[in-house]
Each structure stands twice: as structure tokens, then as C-alpha cells.
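Chain by chain, the residues:
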Amino acid sequence: MFLMLKLMDVHVYYGSIQALDGVSLEVPKGDIVTLLGANGAGKSTTLKAISRLVNIKRGTYELNGKTVNKQSPHSIVKKQVIHCPENRRVFPELTVEENLRVGAYIRKDNKLKQDLDRVLSYFPRLGERMDQFAGTLSGGEQQMLAIGRALMGDPKILLLDEPSLGLAPNLVREIFEIIKQINEEGISILLVEQNAHLALETAKYAYILENGKIELQGSTEELKENDQVRQLYLGA
Amino acid sequence: MQLKSQKLKYIFNSVVLLFIIVYPFLMNMSGYWMTLLVMMTIYGITAVALNIMIGYGGQISIGHAGFLMIGSYSVAIIADRFELPFVITLLLAGIITAFVGLIISFSAVRLKGHFLAVVTLGFGISVPVIALNWTSLTNGYSGMLVTRPAILSELSLYYFIVGCTVLFLWFMYNILHSSFGRAFISIRESEIAAQSSGINTTFYKTLMFVISSFFTGMAGGLYAYWIGFVGPTDFPVTISFLLLAMIVVGGMHSFYGPIFGAVLFSIIPHFTDEFMGITNIVIGLILVIIILFRPEGLVTIVDWFKMNKTMEKADTISKERGS
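What this report covers is the structure whose coordinates are included nearby. In this text, all values refer to a predicted model and were calculated from it rather than measured experimentally.

1. Considering the overall build of chain B
Here comes step 1: The number of helices and strands found in chain B is 14 helices and 2 strands.
Here comes step 2: Its C-alpha radius of gyration of 21 Å places chain B within 12% of the 20 Å reference for a compact globule of 323 residues.
Here comes step 3: For chain B, the spread of C-alpha atoms along the three principal axes comes to 80 × 55 × 40 Å.
Here comes step 4: Counting across all 323 residues of chain B, residues that qualify as buried make up 43%.

2. A few points about the overall build of chain A
Here comes step 1: Assigned secondary structure in chain A consists of 10 helices and 10 strands.
Here comes step 2: For chain A, the C-alpha radius of gyration of 17 Å lies close to 18 Å, the compact-globule estimate for 236 residues.
Here comes step 3: Taking the principal axes of the C-alpha coordinates as reference, chain A spans close to 45 × 40 × 35 Å.

3. Notes on the interface of chain B and chain A
Here comes step 1: Across the contact, 16 residues belong to chain B and 23 residues belong to chain A.
Here comes step 2: Broken down by secondary-structure element, the contributors of at least two residues to the side of chain B that touches chain A are α8 (179–189) and α9 (191–196) of chain B.
Here comes step 3: For the side of chain B that touches chain A, the element with the most residues is α8 of chain B, which contributes 6 residues.
Here comes step 4: Split into classes, the residues belonging to the side of chain B that touches chain A amount to 5 nonpolar, 9 polar and 2 charged.

4. Quick word on the pairing of strand β2 (residues 17–27) of chain A
All names here are of chain A.
Here comes step 1: Examined bridge by bridge, strand β1 (residues 5–14) and β2 share 8 bridges and lie antiparallel to one another. When the bridges of β2 are listed, Leu7 appears paired with Leu25.
Here comes step 2: Taking the residues that link successive antiparallel strands as the turn, the β1-β2 hairpin has 2 residues, and the phi of Gly15 there is positive, at about 65°.

5. Brief notes about the packing of helix α3 (residues 64–81) of chain B against helix α11 (residues 237–250) of chain B
Here comes step 1: Running from amino to carboxyl end, α3 of chain B crosses α11 of chain B at an angle of 115°, the nearest separation of the two axes being 7 Å. Taking contact as the criterion, the partners of His64, Ala65 and Leu68 of chain B in α3 of chain B are, on α11 of chain B, Val237, Ile239, Ser240 and Leu243 of chain B.

6. Quick look at the environment of Asn133 of chain B
Residue and element names in this part refer to chain B.
Here comes step 1: The residue Asn133 is located in helix α5 (residues 113–133) in this model.
Here comes step 2: Residue class for Asn133 comes out exposed when judged on the 12 C-beta atoms lying within 10 Å of it.
Here comes step 3: Expressed as a C-alpha distance, the spacing of Asn133 and Pro232, which sit 99 residues apart in the sequence, is 9.3 Å.

7. Description of the nonpolar core
Here comes step 1: In this structure, Leu158 and Leu191 of chain A are the most contacted members of the largest nonpolar core, which totals 158 residues.
Here comes step 2: Per element, the largest residue contribution to this core is 14 residues, and it comes from helix α2 (residues 31–56) of chain B.
Here comes step 3: Look past the residues within four positions of Leu158 of chain A in its chain and what remains in contact with it is Ile82, Cys84, Ala150, Ile182, Ile187 and Ile189 of chain A.

8. Thoughts on the sheet that holds strand β6 (residues 81–84) of chain A
All names here are of chain A.
Here comes step 1: One open sheet holds the 6 strands; their spatial order is β6-β7-β8-β3-β9-β10, and the pairing between them is mixed. Every other strand in the sheet has two partners, leaving β6 and β10 (213–219) as the edge strands with one partner each. Averaged over neighbouring strand pairs, the angle between their axes works out to 15° when direction is ignored.
Here comes step 2: With 6 bridges connecting them, strand β9 (residues 205–210) and β10 associate as antiparallel partners. Counted as the bridge partner of Tyr207 is Gln217 from β10.

9. Concerning the environment of Leu35 of chain A
Residue and element names in this part refer to chain A.
Here comes step 1: In this fold, Leu35 is placed in strand β3 (residues 32–37).
Here comes step 2: Leu35 sits 145 residues away from Lys180 along the chain, and the two C-alpha atoms are 16 Å apart.
Here comes step 3: If near-sequence neighbours (up to four positions away) are discounted, Leu35 is found in contact with Lys43, Thr46, Leu190, Leu191, Val192, Tyr207 and Leu209.

10. Overview of unusual backbone geometry
A negative phi angle characterises most non-glycine residues, just as the trans form characterises most peptide bonds.
Residues and elements named next belong to chain A.
Here comes step 1: Positive phi is not limited to glycine here, since Arg52 has a value of about 65°.
Here comes step 2: Looking at the element boundaries, Arg52 is found in the loop between α1 (43–50) and β4 (58–63).
Here comes step 3: Residue class for Arg52 comes out buried when judged on the 23 C-beta atoms lying within 10 Å of it.

11. A few points about the packing of helix α3 (residues 96–103) of chain A against helix α6 (residues 139–152) of chain A
Residue and element names in this part refer to chain A.
Here comes step 1: Close contact between α3 and α6 brings their axes to 6 Å; oriented N to C, the two are set at 40°. Judged by the inter-axis angle, α3 sits oblique to α6. Where α3 crosses over α6, the two elements pack in a sense that is right-handed. Note on element contacts: α6 touches α3 through Leu145, Gly148, Arg149, Ala150 and Met152, opposite Val96, Asn99, Leu100, Val102 and Gly103.
Here comes step 2: Split into classes, the residues belonging to the contact of α3 with α6 amount to 6 nonpolar, 3 polar and 1 charged.

12. Brief notes about α2 of chain B
Residue and element names in this part refer to chain B.
Here comes step 1: The end-to-end C-alpha distance of α2 is 36 Å, a good match for the 38 Å that 26 residues give at a rise of 1.5 Å each.
Here comes step 2: Counting buried positions along α2 gives 19 out of 26 residues, so the element sits mostly inside the fold.
Here comes step 3: Following α2 by one or two positions, Gly58 adopts a phi angle in the positive range, close to 70°.

13. Some details on the sheet that holds β1 of chain A
Residues and elements named next belong to chain A.
Here comes step 1: Spatial strand order, β2-β1-β4-β5: 4 strands in an open sheet with antiparallel pairing. Here the strands that pair on one side only, and so sit at the sheet edges, are β2 and β5 (66–67).
Here comes step 2: The sheet strands contacting α1 are β1, β2 and β4, and the helix crosses β2 at an angle near 70°.

14. Topic: the pairing of β9 of chain A
Residue and element names in this part refer to chain A.
Here comes step 1: Taken together, the 5 bridges between β3 and β9 define a ladder with parallel strand orientation. Within the sheet, the bridge partner assigned to Val33 lies in β9 and is Tyr205.
Here comes step 2: Where β9 folds back onto β10 in an antiparallel hairpin, the turn is made up of 2 residues, including Asn211, whose phi is positive at roughly 50°.

Parameters at a glance
Residues numbered from 1 in each chain as written. Chains lettered and ligands numbered in written order. Predicted model: local features only at pLDDT ≥ 70, side-chain atom pairs only at ≥ 80, totals over all residues. Helix = DSSP H or I, 4+ residues; strand = E, 2+ residues; numbered from the N terminus. Rg over C-alpha atoms; globule rule 2.2 N^0.38 Å. Buried ≥ 20, exposed ≤ 12 C-beta atoms within 10 Å, placed from the backbone. Contact = placed C-beta atoms within 7 Å. Nonpolar A, V, L, I, M, F, W, Y, C, P; charged D, E, K, R; others polar. Pairing = 2+ DSSP bridges. Axes fitted to C-alpha atoms, helices over the stretch in contact; angles between N-to-C directions. Core = buried A, V, L, I, M, F, W, Y, C linked by C-beta atoms within 7 Å. Parallel < 35°, antiparallel > 145°, perpendicular 65-115°, else oblique. Left-handed = near helix turned anticlockwise from the far one by under 90°. Expected span 1.5 Å × (residues − 1).

Listed below in C-alpha cells is the structure:
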């Protein structure tokens, strides 16, 4: 039961400013796909277009072959495509447990307890802090909570926006290990990341965005060897 | 510790309720003093209802005096034209106000912050003007008389209002402590994260408006029954700001805060009204002092006691360890 996500020639505008200029990409079943690019290239906008937080002006967005261009954000969540937004954005004045419950808001099934246990097995530290306000957590813990909250929505495709932002290097490694684990349990992941090294190591396939366009794409093996990529993103 | 504070809360609530029950007898059935307490309950309901939007949902409204007025006029008009049981009339007043709230929310859910404030402010200003000029419905400047339900004496009406207040507060408490409440708070904290968690923000913002205006409308209806008269100058736009001040002074991140604010600001005019123009100065001063020194509102004074206790405890522990 995997979902297939496909963007074809997607254009997004903020007012009159064009943010995405014909982006086409695919997240195949069960893979980690990464989206690289400089600041302002349109990585976060692509994720927002997928979770429908911004309007798609032109182009098609398909889930399992069905066009969902015009669907509302919560119905995309219902289709189990879940966005873990940039800068964590946990709810600071809700407790850790309440944050996780909000993550499962739209669900009607009774697997909640099971999923809560699963999230806590990934992030045992959250378990120790269930009754604490999320605003009092450290940056790393907040990131764990944000990912945990997204997992509570029982995603088939998880959209991660810069999970390494502002975290200590060992924490970043820890979180990326968990991202791999999550993927091994059958959740496809679309990863936006500044740390190109790490992203290329983690993912199977990569897209490189520049000025709202896909400039390059390929398996990460290939891209690691590509001169342009090495110069621009790997600093070698 | 948790249990003890629960118990304390229970005792506090019982004492307050008992006081309210014997209050008319303490005050010798004085209409003035009973009105003072009834106004507290009406503002209490309204402030809590407004706080659903502002404190919990993060949606500002400066138009709640308008909803109060619609509620009070609904009762007056329905009681005047139809022979309905007064409880039904009151409920209808709530429903009519909620319907108006729904209409306002259609434009309001698309707006944020200052823009939303301006829309609601405009609503709050226009309601009294409509009440003044729609003479065929509202009797214009002369206002409308509301006959007290025949089966109720003044005392039993007082108890009815107190009972309604407890009931409404109980309802709102339960709404805010259900999953609805969590959705409201998540919209306040981060709309983007709420949306990406699958919360239909438009729906919940509309719901906030409807719930809030429903209870406000019923509070307005209670007012109409108690005072026995409604007029176009009853709830000017300044009342909307007063309600806002009640929430801020009481504490908007708490369910009980606005009640504190409502009680305080209903008592103040009693002491200051003999001096012209002093009331607003006092209210303004209190607002400034609270914002400077207790920005989370009066209700945090309760936490303050708790904190002192935990600090005492920490002190004794460190003393025992001989440090």
C-alpha cells in the first residue's frame, strides 16, 4: 500500500513573484528522495505545494494517478501525505503529549496507542517529557517532536523540511539514522536539506533546484560524482 | 500536591457558589447589589466566550458588544411578538446571534490580526446604529421593554441567571478541554503546523466564532431579562474594549482569567462612578500595571502562591542536605 506522488510542471507564485517555474518530480514507492538547492531556490515552496499550503497556479499534482491540485491541506493529510514544516513549529504551549495528539487529529482509527508507542520507541526522550510544554524542549527535542507529530498522522509519504536546521552535529546524525529507520518501515520520504553531504548519503534519488527549476536529477550515486554538484554543493 | 490543589479548587468553587446563593439575602434583596452581581455573571460569560477566540484561538474580536446587543434585542423582540417559553426565547437569542456570528466569520476567517480587528470593530460599531435606525423592528431610540417571565420572581430570575452562568461556563470549559480546544490552541500557536497536521483551520475558525457568539448572545438575553429594557445605547463599542481589557487583566491563557477580569471590572465602577470620568482612568491604570507586572494576568497570582511553596520546599530540602 504505497502511495505514488508526482508533480508535473508545477508553477507557484507568491503574489506576482514566481517561486516555482515548472517543477516536475516523483517520489517513488518506499524511497527517500532529496531536494537540494541554494536558499530561495524553491525547496520549501515545493513541499508547501505538495501539502497544499500554497496554491498551485499551473501544472498537475498527482497522488496515485489522481489529480489533487485543488484539494485542501487537511484532505491531503487524510491521504497520508504529511508535511513536517520548517523551523519545527511545534505548539509551544501544548504539552508534548498534546502535540502528538494534534498530529493524529484527523484520524478516526484506533491504532493511536500503537503509533504513540512507535513514535516513543524512535524518540525515547519524548517519553520522558510527555507532560512538559513543548516550548521548554531543546531544539533537538523539538525537532524530534515535530517529526513524531508528523508520524502520528500515519503518513505514507513524509515531507521533511530541513530536519537538521540548527542542531548539533551528533544530533543531526541521530535524527538521520531515525529517518532511515522510518523509511525502512515503509514510509516514503521527501527530504529537503541544506547539508548536501548528508542528504546525498541518506537518499536514493536527488533533485537539484535552482531558481524554481529542476536543474539536475539522478541517483545520488551519480550526483555525488557530478562535477557541478561537487563544486556547488559538496565544496570539493 | 496535584490532589491538594484540586481539593483547594473544589473548596474555592463551593465557597464562591455558596456566597452567590446567599448573596441576595446578605444584601437585603437590594436590586442595585443584585444587578451588580448579575452584570458580573453576564460579563463573565461574555469574557470567557470572547476568550475562546482571543486566548485560545488567537483570533481577535473587538465586536463582542455587538453580539451582546443582538442577543438582548433578540430576546426583547421575540418576547414581544411571540408567546414562547422564556427558556426557548433565550435559546433562540443564542441561535440568532450565532447565525450572525457565522455570517461575520465568512469574511473574518480570511483575515488575520489587525485586519480581523478592524472588521469586528466595524461590526461592533454598526450594530447600535442599526438598532437605532431600524425603527420598525427595534423601536429606535426609545428602546424596548422586556417583560420578566411571569412565572419568575426577581429572586428566582436571579437564581436562574446564576444557574445559566454555571451551565454555560461548564459547557465552554468542556468544549475547550476537548479535542476542539486543542485544535483552537494549535491554530493560535502556528497556523501552518495546524494545517499540516490536518486541521481544517477555516472550519475551526468559523466554529470559534459561532460558539463564541452563541454564548455571548445568550448572555445578552439574560441581560435583557434582568434589566427589563433594551436600548441602542446599552452596549456601545467601548464595552467591546472593556471586554478585551477584562481578558487581558484576568489572564488570557487561562479559562478562569477572564472571570477574574469580569468581576474586577464590574466592581470598579461601583466605587468610582461618583467621580466623573474616574472609572476609565482607573481601568486604564489597572491595565497598564497588569501588563507591566503580571503580563499573564491576575490569574497567575494563584500560580505565584504555588511557586513560592515549591521554592520553600526546595529551600527546606537544601537545608536538610546541609548546604
